[in-house]
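Inside the fold
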Amino acid sequence: MAVENSQTNQTEKESSSQKSSTSKQSGASSGAGQKKTSSNNQKQKENRDQNMGEVFRILRSFFTEHIAPPFRITSIVNNEENGWEAEVEVIEEKEYMKTYAKDQLLGVYEVALNNKLEIISFDRIKLRPRTALVDKNEGRQ
């Protein structure tokens, strides 16, 4: 019986030793997985920042070439599935407004870019006097 008990104790020690080494290995691989995920997140953030800079450049170029008046890019949103969306405010018909002593008009444009960063649409969604207070419902929702 004493022999049986010592064999049982030895088997239990080996089993607990194996469990301990298995949990250490899984902890190490879990830590490696977290580092890898963190590295991937950092790369995604860098790519998104680069793309956002490129979106700014594309919008500035497009509005300078096609719309021409002073403008301001007020928001850019990355919609991962559909590309990018932006909102741009443009001072409309500056000379006309000066000639007739009217307040400048501000056009709010919504712009859509695909995942290849090509402008696929733009639309003036609002026109208001420049000095008018911004409506709470105006802008991104």
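Overview of the structure.

Reading guide: rules and limits
- Numbering of residues starts from 1 in each chain and follows the order in which that chain's sequence is written.
- Note on the predicted model: pLDDT of at least 70 is required for a residue's local features to be given, and 80 or more for side-chain atom pairs to be given and counted; whole-chain, interface and lining totals, by contrast, use all residues.
- Heavy atoms from the whole structure form the basis of all side-chain values; hydrogens and water molecules are not counted.
- For two strands to be treated as a pair, DSSP must find no fewer than two bridges joining them.
- Runs of E in the DSSP output that reach at least two residues are strands. Runs of H or I that reach at least four are helices, and both are numbered from the N terminus.
- Axis definition: a line fit to C-alpha positions, over the contact stretch in the case of helices; interaxial angles, taken between N-to-C directions, run 0 to 180 degrees.
- As used here, the term nonpolar core means buried Ala, Val, Leu, Ile, Met, Phe, Trp, Tyr and Cys residues forming a set that is joined through side-chain atoms within 4.5 Å.
- Whether a residue is buried, partly exposed or exposed follows from its accessible area with a 1.4 Å probe, protein chains only, as a fraction of its type maximum: under 20%, in between, or over 50%, in that order.
- Each salt bridge in this description consists of a side-chain nitrogen of Lys or Arg and a carboxyl oxygen of Asp or Glu lying within 4 Å of one another.

Taken in spatial order, the 4 strands of this open sheet run S1-S2-S3-S4, and their pairing is antiparallel. Strand pairing shows two members of the sheet lacking a second neighbour, strand S1 (71-79) and strand S4 (119-129), which therefore form its edges. Here the strands of the sheet are splayed against their neighbours by 15° on average, with no regard to which way each runs. One ladder, built from 9 bridges, connects strand S3 (residues 105-113) with S4; its direction is antiparallel. Each bridged residue has a counterpart across the sheet, and for Val111 the counterpart in S4 is Phe122.

Next up on the list: the nonpolar core. For soluble globular proteins, the rule of thumb is that nonpolar side chains tend to be buried together. With 15 residues, the main nonpolar core has Val55, Leu59, Phe63, Ile76, Val88, Val111 and Leu113 as its most contacted residues. Only helix H1 (2-66), S1, strand S2 (83-92) and S3 provide two or more residues apiece to this core. Here the element with the most residues in this core is H1; it accounts for 5 residues.

This part takes up the pattern of salt bridges. On inspection of all chains with the given rule, the structure shows 4 salt bridges. Two residues, Glu89 and Arg72, come together in a salt bridge whose shortest N-O distance is 2.5 Å. Residue Glu89 is located in strand S2, and its partner Arg72 is located in strand S1; the two are separated by 17 residues in the primary sequence. Residue Glu89 is classed as buried on the basis of its relative accessible area of 11%. Arg72 sits in the exposed class, given a relative accessible area of 52%. Linking Glu89 and Arg128 is a salt bridge whose minimum nitrogen-to-oxygen distance equals 3.7 Å. In this pair, Glu89 is assigned in strand S2 and Arg128 in strand S4, connecting sequence segments 39 residues apart.

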